[in-house]
Amino acid sequence: MRKRSYRSRAVAVTAAAALLGIVGTAGCDAVGGNEAAPTGSTSRSKPSTKPTPAWDLSPNSIAAVGDSITRAFDACEALSDCPKVSWATGTDAKVNSLALRLLGKAGAAQRSWNYAKTGAQMAELDDQISQAATRKPELVTVLAGANDACQPTVAAMTPVPEFRAQFEDAMSTLREASPKTQVFVASVPDLKRLWSIGRTSEASKRLWKLGICPSMLADPDDLGAASTSRRDSVQDRVKEYNAVLEDVCAKDKLCRFDTGAVYKYRFATAQLSTVDWFHPSTSGQKLLAEMAYRVVTAPKPADLKLPTG
C-alpha cells in the first residue's frame, strides 16, 4: 500500500495552488465565446472539451528538484555544493545552465530556484516539489534516483514499487498545485560506467573507499562472481528506475523524459569531478544542461537528437 504520511501538507499545497500561474496556450471557447445560440434552435450545444495542452518551448521560470547532481556537489570544492555551476539553475557562463539558456543572465538570477538537496532520494521529491510550487515555476526539472541505488548494500536499494509510488506522489503534488506546469525528467546516470572508467585511476579508488556509492563502487578491483553480481544488480535497478520515470512521465501530457539520454551517454573522466570521481565536473554539468535544453526546446519529442558520447 502506498504510504502518504506527508499528505498532512495537503492544505498547504491546496493553498499554494491558488497562487500558481499557468503555462501553455489557452483553449478557445467550444461554443463560440460569448455569442448566444440561435434563437429557437432545437439542437443542443456539444459539451466543451479541454484542448490538448501545448508544450511551451520557452518557459519563463524554472525550479529544480533532485539530488547532489543538481546541487553540483564536488564540482568546485571538496564536500561542498556549488550551485553556481548547476546544470539546471547555475549562473556560471562556462556551464551555460538551462536557466541561462532559456532566461538569460538577469532572468536566471530572478526566476530560477534550486530546491535539490545533496543526498536526497526519491522519497524526498514530494517535499521539494511542494517548496518549488510556491515560486509559481513554469518549468520544473527533475533529476533523482541515483541515491536510491547508491546504498550500503543491494538489499538496501529502494524497491521499484516504492520508487514508482514516490515519483507518482510527487507528480500528483505538482499537478494539484499547478496543473499546467511543465516537467523535464532526466534519467538516472549509468552507475556501472562510473565504476568502469573510474577504476582505472588509483586516486578514484582511494576516494571511493570513503563510502561513495558502495553498492556499486565498493571493492572496485574485485572481478569475482559475487562482486560482479552485485554490480549487475545495481545496474538492473537503475534501468528499472528509468523505466518508471519514463512511464510515469508519459502519462502526463506536460512532462518530457530525456529518452534515457543521461543514462546512455558514454561520459569520460573529463565529465567527472576530480574531487570524488563520481559527481559531474563543470564539464559534465555543461553536458547535462545541453541535453536538458534540447529536450525542453524540441518542437516534438520525436525530433530529439541528443549526444551519446
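Structure first, text after, so check above.
So, here's what we can say about the structure. Since the structure is predicted, the reported quantities are computational estimates derived from the model, not experimental observations.

## Things to note about the overall build of the chain
Per the secondary structure count, the chain includes 11 helices and 5 strands. Taking all 309 residues of the chain together, 50% fall into the buried category. Pairs at least 24 residues apart make up 72% of the contacts formed inside the chain by residues separated by at least 6 positions. About 15000 Å² of surface is accessible on the chain, with carbon and sulfur atoms providing 54% of the total.

## As for the environment of Gln235
Summarising the element assignment, Gln235 is placed in helix α9 (residues 225–250). Distance in space between the C-alpha atoms of Gln235 and Ala149 is 8.6 Å, their sequence separation being 86 residues. Those residues within four positions of Gln235 in sequence are excluded, and the remaining contacts are Asp190, Leu191, Lys192, Met216 and Tyr263.

## A short note on the pairing of strand β4 (residues 182–185)
Burial along β4 is two-sided: the residues Gln182 and Phe184 and Val183 and Val185 are all buried. Pairing of strand β3 (residues 139–143) with β4 involves 4 bridges; the strand directions are parallel. Residue pairing in the sheet places Val140 in a bridge with Val183 of β4. Two strands pair when backbone bridges link them, and β4 and strand β5 (residues 255–257) are joined in this way by 3 bridges, in the parallel orientation. The residue of β5 that forms the bridge with Phe184 is Arg256.

## Topic: helix α11 (residues 282–297)
If you check α11, its first and last C-alpha atoms are 22 Å apart, about what 16 residues at 1.5 Å a residue would give, namely 22 Å. Those residues of α11 that fall on the buried side of the exposure criterion are Gly284, Gln285, Leu287, Leu288, Ala289, Met291, Ala292, Val295 and Val296. Among the structural elements, α2 (98–111), β3, β4, β5 and α10 (261–264) are those in contact with the buried residues of α11.

## What to know about the nonpolar core
The biggest cluster of nonpolar side chains holds 73 residues, and the ones touching the most others in it are Trp87, Leu125, Phe167, Val185 and Leu191. Every residue in contact with Phe167, bar those within four places of it in the chain, is listed here: Met122, Leu125, Val142, Val185, Leu245, Val248 and Cys249. In this structure, Ala72, Cys82, Val85 and Val95 belong to the second largest nonpolar core, which totals 5 residues.

## Some points on the packing of aromatic side chains
Note on aromatic pairs: each is described by the distance of the centres and the angle between the planes. Considering all chains together, one arrives at 2 aromatic pairs under this definition. Seen in terms of ring centroids, Phe163 and Tyr241 are 4.1 Å apart; in terms of plane orientation they differ by 15°. Their pairing is stacked. Here Phe163, found in helix α5 (residues 160–177), pairs with Tyr241, found in helix α9; they are 78 residues apart in sequence, far enough to count as distant. Residue classification places Tyr241 among the buried residues on the basis of a relative accessible area of 0%. In this arrangement the basic side chain of Arg193 is found over the ring face of Phe267, its NZ or CZ atom lying 5.7 Å from the centre.

## Overview of the environment of Pro161
When you line up the elements, Pro161 lands in helix α5. By relative accessible area, Pro161 is classed as exposed at 63%. Here the alpha-carbon distance between Pro161 and Val244, two residues 83 residues apart in the chain, equals 9.0 Å.

## Here we look at the pattern of salt bridges
As a working rule, side chains carrying opposite charge can pair if their charged atoms are close by. The tally for this structure, following the rule as stated, stands at 14 salt bridges. Of the charged contacts, one joins Asp81 and Arg71 as a salt bridge, the two residues approaching to 3.3 Å between their closest N and O atoms. You can see Asp81 sitting in the loop between β1 (62–66) and α2 and its partner Arg71 sitting in the loop between β1 and α2, a full 10 residues away along the chain. Classification of Asp81 by relative accessible area gives partly exposed; the value is 33%. Between Arg164 and Asp247 there is a salt bridge whose closest N-O contact spans 2.8 Å. Of the two residues, Arg164 sits in helix α5 while Asp247 sits in helix α9, which places them 83 residues apart along the sequence. Looking at Arg164, the relative accessible area reads 26%, which means it is partly exposed. Take Asp247: its relative accessible area is 28%, and that puts it in the partly exposed class.

## Overview of the packing of helix α6 (residues 191–198) against α9
Closest axis-to-axis distance for the α6/α9 pair is 8 Å, and the angle between their directions is 140°. What the angle tells us is that α6 and α9 run oblique. Contacts between α6 and α9 involve Leu191, Lys192 and Trp195 on the former and, on the latter, Arg231, Asp232, Val234, Gln235 and Val238. Residue composition of the contact of α6 with α9, by class: 4 nonpolar, 1 polar and 3 charged.

Here is what the cut-offs are and how they apply
Residues numbered from 1 in each chain as written. Predicted model: local features only at pLDDT ≥ 70, side-chain atom pairs only at ≥ 80, totals over all residues. Heavy atoms only, no water. Helix = DSSP H or I, 4+ residues; strand = E, 2+ residues; numbered from the N terminus. Buried < 20%, exposed > 50% of the residue type's maximum accessible area, 1.4 Å probe, protein only. Contact = heavy atoms within 4.5 Å. Areas by Shrake-Rupley, 256 points an atom, 1.4 Å probe, with all protein chains shown as cover. Pairing = 2+ DSSP bridges. Expected span 1.5 Å × (residues − 1). Core = buried A, V, L, I, M, F, W, Y, C linked by side-chain atoms within 4.5 Å. Phe/Tyr/Trp six-rings, centres within 6.5 Å; stacked < 30°, edge-to-face > 60°. Lys NZ or Arg CZ within 6 Å of the ring centre and 35° of its normal. Salt bridge = Lys/Arg side-chain N within 4 Å of Asp/Glu carboxyl O. Axes fitted to C-alpha atoms, helices over the stretch in contact; angles between N-to-C directions. Parallel < 35°, antiparallel > 145°, perpendicular 65-115°, else oblique. Nonpolar A, V, L, I, M, F, W, Y, C, P; charged D, E, K, R; others polar.

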